[in-house]
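Single-letter residue listing:
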Amino acid sequence: MHLPGLKLDLKGLPAPIPLSRGMVDAADWSAAALAVAECGGRLVALWGSDRRQGETGNFVISAAYAMQDGMIWLDLPLTGAQSGYPDISGIFSFAGRMQRATADLLGIHAENAADTRPWLNHGAWPVEHFPLRREVNGAACFDGRSLKDYPFVRVEGDGVHEIAVGPVHAGIIEPGHFRFSVVGEKVLRLEERLGYKHKGIEKRFEQLPASEGHRLAGRVSGDSTVAYAWAYCMALESAWNLQIPARASWLRALMLERERVANHLGDLGALGNDAAFSFGLAQFMCLKEDWLRLNKELFGHRFMMDKIIPGGVDVPLDAPLDAPGLARLVAQCELVEREVHQLRSIYDNHAGLQDRFITTGRVVPELAKQLGLTGFAARASGISHDLRVDFPISPYRELGVKAAFHRSGDVAARAKVRFEEILESLRLIRRMASGLPDGEQRVNPDKEMPAGFGAGRIEGWRGEIFVALEIGASDQGEQGNRILRCHCHDPSWQNWPVLEYAVIGNIVPDFPLINKSFNLSYSGPDL
Amino acid sequence: MWKILRQIARNGIRTEPAPQADPDFQSETQRIHQDILDILGQALTIREVDAGSCNGCELEIHAVNNPYYNLEGFGIKFVASPRHADMLLVTGPVSRNMAMALKRTYDAMPAPKLVVAIGDCGRDGGIFGESYACLGGVAKVIPVDLTIPGCPPEPIEILKGILTAVRYGQKKSPR
Ligand code: SF4
């Protein structure tokens, strides 16, 4: 792997998806971002770490780029008294919020960035307190502080007024604040303010042994617990250079596809409901409930939390996940497939529903590309990335995945992608259940595992989940079982800013529908 | 239209028999409904607040609203405003960034303000604990009547908890 025009010393990490890591200096930091953009690569994540050790070591800012032939992870150590690094939000606009979050957590800044407002720090802890710094005690608390006002961007002009929504929303959904500037019922501008769910997850990771981190990763965003747990375990297994048995990766993929189906089913129902078609909600919610109940029966948890563990999976080796159990999975897929076909034809032929869906919340392919849209929403806007297709690991390699692809970029296209992804996942689940390899489904890591770096990438239902991990020796001297740094990246970082564009020119009452069609995570990026 | 009707007819009624409320009273749908009427003199309305959950608990609260559990059949309804709510269902370890919004939501409710904390996080912060960013449980911010543990608690547990809180609320209410 290389970047045109740059001499980088990259070292491959032992991961199932090609990934190289290397150091750059400040000049190459921006040059690399430009080179990536020019050759059609994407920024996946940006985060900071404190690698100071007494007199040595530095703060480090890191970026992970998705390239055609794999991923490049670049570290820029901030030497001397330097606390700044070159801003790359001019190249990848969505980097802005990640840079602001890094400033809040570590006190290192993107130099000359246009927007330096705090992102995660709402005033609940002092501005000079940087929770991810080494010297900061994880137990430090600041009681009784009041939150600060946030300087939203104001739109001026005749007849323009603001609608403030949140953080507590009308429905049963996650909290965040939306500031609409509107004329009549038409949206001129939306500004999001997130971070309400910031739970200090990254600091919390540093208090857990590496062998326990998958549990926390699985709770970064509960609707993607399988994807996060897998990405974390992939990262840890890459740091430990641990090979998992074939059966384990098949079972992981089986659970990942079940998670994808569950979420798409729920959201398709909710989309119907947001367009005043509650029939859809009732029907899809029944399908989803049946789906989750079978998860519970066969895997032991409705969302399969904590079922992916370092070295493999923690699901029954025989009953209930024996031949008759697997046959039930197949039978359920057949039933759900019939129902989904039926419901799809009802959705497609419902004039009122289609009237709300078509051309609503449109993100055309050029805009999607420019803003870095990712995940299934990108596949509805003419961008065909899907890790299961681009870098198929087992069992996707053996089974082949056909990615959904549409170009119109509206609510209707996102609904179509979801329908198609359900059907493809049902096919995959059937194949996985009938071709599941025999043998071990878990390897036990040695007592002494190597310290070092690891990374994991998984195509969750919403998009790419990425985990970067740095492992060291624990205080008890146990090699390789201490998390020095764990950064979990949610694709919602990329897609939230796109939502701000998607609603422009739409009417306020269509916002819930547009929002639901993306269904972005709050908890995931708030961390 | 006939396709929709056929689909509805084909799927039939999925609602299951009601669970029994804890700890030890036996009740049927009718009886629970009566309880709610006796205690509140009206249907039970619930406002949900996510105070920093991972969204897992929300998924199960959504599930409680699906036809299997038939919540509205008991006269229980989720509402958009705390001013219309008899009960507050709160999830999450209470992130410090949400503490004020949670408190204000609680303040906006009319008495008798039943509060149910959902999940291990709502109980004591769960895996996220207490830190610079989390308060570590709903009771740190507002008085809690009942906690439903689990990660996340299953819909049937949430439903049982809601019914139990209504019962428990009867004891604390002035009537
Ligand atoms: S209790 Fe579990 S499912 Fe609920 S918010 Fe906490 S971590 Fe998520």
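Just so it is clear, the model here is predicted, and its values are computed rather than measured.

Parameters and conventions
Residues numbered from 1 in each chain as written. Chains lettered and ligands numbered in written order. Predicted model: local features only at pLDDT ≥ 70, side-chain atom pairs only at ≥ 80, totals over all residues. Heavy atoms only, no water. Helix = DSSP H or I, 4+ residues; strand = E, 2+ residues; numbered from the N terminus. Rg over C-alpha atoms; globule rule 2.2 N^0.38 Å. Buried < 20%, exposed > 50% of the residue type's maximum accessible area, 1.4 Å probe, protein only. Contact = heavy atoms within 4.5 Å. Areas by Shrake-Rupley, 256 points an atom, 1.4 Å probe, with all protein chains shown as cover. 1 Å grid on protein atoms, 1.4 Å probe; cavity = no way out; pocket = protein on both sides within 12 Å on 5 of 7 lines; lining within 4 Å. Points joined across faces, edges and corners; volume = space filled by probe spheres on them. Nonpolar A, V, L, I, M, F, W, Y, C, P; charged D, E, K, R; others polar. Domains from an automatic or database assignment. Buried area = accessible area lost by both parts, 1.4 Å probe. Salt bridge = Lys/Arg side-chain N within 4 Å of Asp/Glu carboxyl O. Polar contact = N/O pair within 3.5 Å; in protein donor to acceptor, adjacent residues only side chain to side chain. pLDDT = per-residue confidence, 0-100. Near = heavy atom within 4 Å. Sits in = over half its atoms within 2 Å of the grid points. Axes fitted to C-alpha atoms, helices over the stretch in contact; angles between N-to-C directions. Parallel < 35°, antiparallel > 145°, perpendicular 65-115°, else oblique. Left-handed = near helix turned anticlockwise from the far one by under 90°. Pairing = 2+ DSSP bridges. Core = buried A, V, L, I, M, F, W, Y, C linked by side-chain atoms within 4.5 Å. Phe/Tyr/Trp six-rings, centres within 6.5 Å; stacked < 30°, edge-to-face > 60°. Lys NZ or Arg CZ within 6 Å of the ring centre and 35° of its normal.

Considering the overall build of chain A
The secondary structure content of chain A amounts to 17 helices and 15 strands. Relative to the globule expectation of 24 Å for 527 residues, the C-alpha radius of gyration of chain A, 23 Å, shows essentially globular dimensions. Principal axes of the C-alpha set define a box for chain A whose edges measure 70 × 65 × 50 Å. Within chain A, the proportion of its 527 residues that are buried is 63%. Taking the contacts inside chain A whose residues are at least 6 apart along the sequence as the reference set, 69% of them involve residues at least 24 apart. Total accessible area on chain A stands at roughly 18700 Å², and carbon and sulfur atoms take up 51% of it.

A few points about the layout of surface pockets
Put simply, the largest pocket is a space of about 1400 Å³. Broken down by secondary-structure element, the contributors of at least two residues to the lining of the largest pocket are β8 (160-165), β9 (177-183), α6 (246-274), α7 (278-299) and α16 (511-518) of chain A together with β1 (44-50), α3 (56-64) and β2 (76-78) of chain B. No other element matches α6 of chain A, which puts seven residues into the lining of the largest pocket. Residues belonging to the lining of the largest pocket are distributed by class as follows: 23 nonpolar, 14 polar and eleven charged. Both domains that meet at the lining of the largest pocket, namely domain 2 (160-193) and domain 4 (243-444) of chain A, each give it at least three residues.

Quick word on the interface of chain B and chain A
Counting residues at the interface gives 53 residues for chain B, matched by 61 residues for chain A. Roughly 4700 Å² of surface becomes buried between chain B and chain A when both sides are summed, with 58% attributable to carbon and sulfur atoms. Remark: the boundary between chain B and chain A carries five salt bridges. Residues K197 of chain A and D50 of chain B are paired through a salt bridge, measuring 2.6 Å at the closest nitrogen-oxygen approach. Our count for the contact surface shared by chain B and chain A stands at 30 residue pairs in polar contact (both at pLDDT 80 or more). Contributing elements (two or more residues each) for the side of chain B that touches chain A: α1 (2-11), β1, α3 and α4 (96-108) of chain B. Its residues placed into classes, the side of chain B that touches chain A shows 26 nonpolar, 14 polar and 13 charged.

Here we look at empty space enclosed by the protein
Residue and element names in this part refer to chain A. Going through the model one piece at a time under the given rule, you end up with twelve cavities of 30 Å³ or more. Taken as a whole, the largest cavity holds about 130 Å³ of empty space. In terms of lining residues, the largest cavity is bounded by 18 residues, among which A101, T102, L105, E202 and H487 are the most central. Of all the secondary-structure elements, those providing two or more residues to the lining of the largest cavity are β3 (42-50), α2 (95-106), β15 (482-489) and α17 (523-526). Element by element, the count of residues in the lining of the largest cavity is highest for α2, at five residues.

Focus: the confidence of the model for chain B
All names here are of chain B. With 82% of its residues at a pLDDT of at least 70, chain B reaches an overall mean of 84. Confidence over residues 23-29 falls short of pLDDT 50; this stretch has ten contacts with residues more than four positions distant or in other chains. Across the interfaces of the predicted complex, the ipTM metric reaches 0.93, alongside a pTM of 0.93.

Overview of the site of the ligand
Lining the immediate surroundings of the ligand are R219 of chain A together with S53, C54, G56, C57, G119, D120, C121, G150, C151 and P152 of chain B. Surrounding the ligand are residues belonging to chains A and B, so the site spans chains. Judged by its atoms lying within 2 Å of the grid points, the ligand is housed in the second largest cavity. Of all the secondary-structure elements, those providing two or more residues to the shell around the ligand are α3 and α5 (119-124) of chain B.

Observations regarding the packing of helix α15 (residues 492-502) of chain A against α16 of chain A
All names here are of chain A. α16 packs onto α15 with a crossing angle of 150° between their chain directions and a minimal axis gap of 11 Å. Judged on the interaxial angle alone, α16 and α15 are roughly antiparallel. Crossing geometry of α15 relative to α16 is assigned as right-handed. Contacts between α15 and α16 involve W496, L499 and A502 from the first element and F511, I514, N515 and F518 from the second. Looking at the contact of α15 with α16 residue by residue, the class counts come to six nonpolar, one polar and no charged.

Thoughts on the sheet that holds strand β4 (residues 59-67) of chain A
Residue and element names in this part refer to chain A. The mixed open sheet is built from five strands, whose spatial order is β1-β2-β5-β4-β3. At either margin of the open sheet sits one strand with a lone partner, and together these are β1 (11-12) and β3. Pairing of β3 with β4, which is carried by eight bridges, proceeds in the antiparallel orientation. Residue pairing in the sheet places L43 in a bridge with Y65 of β4. Set on the sheet, helix α1 (residues 26-38) makes contact with β3, β4 and β5 (70-78); between it and β4 the angle comes to about 20°.

Some thoughts on the nonpolar core
Core analysis: the largest hydrophobic core is formed by 159 residues, its most contacted members being Y65, Y232 and F357 of chain A. With 13 residues, helix α5 (residues 225-240) of chain A is the single largest residue contributor to this core. Sequence-distant contacts of Y232 of chain A, that is, excluding residues within four places in its chain, are made with F205, A210, G213, H214, A217, V467, L469, I483 and C486 of chain A. By size, the runner-up hydrophobic cluster in this structure holds 26 residues, among which are I46, Y69, F78 and L89 of chain B.

Brief notes about the packing of aromatic side chains
Residues and elements named next belong to chain A. Taken as a whole and judged by the stated rule, the model has 20 aromatic pairs over all chains. On the numbers, 5.9 Å between centres and 90° between planes, the contact of Y347 with F419 is edge-to-face. Taken as a pair, Y347 in helix α8 (residues 323-348) and F419 in helix α14 (residues 411-435) lie far apart in primary sequence, 72 residues in all. Taking the relative accessible area as the measure of exposure, F419 reaches 3% and is therefore buried. Pairing F376 with W461 gives two aromatic rings, centres 6.2 Å apart and planes at 20°, and the pair type is stacked. Note that F376 is positioned in helix α11 (residues 375-379) and W461 in the loop between β13 (452-459) and β14 (464-472), a separation of 85 residues in sequence. Like W461, F376 is buried. Through pairs of rings, three or more aromatic residues link up here, namely F178, F180, W496, F511 and Y522. Between the NZ or CZ atom of R21 and the centre of the ring of W73, over which it lies, the distance is 5.2 Å. Over the ring of F518 we find R414, and its NZ or CZ is 3.9 Å from the ring centre.

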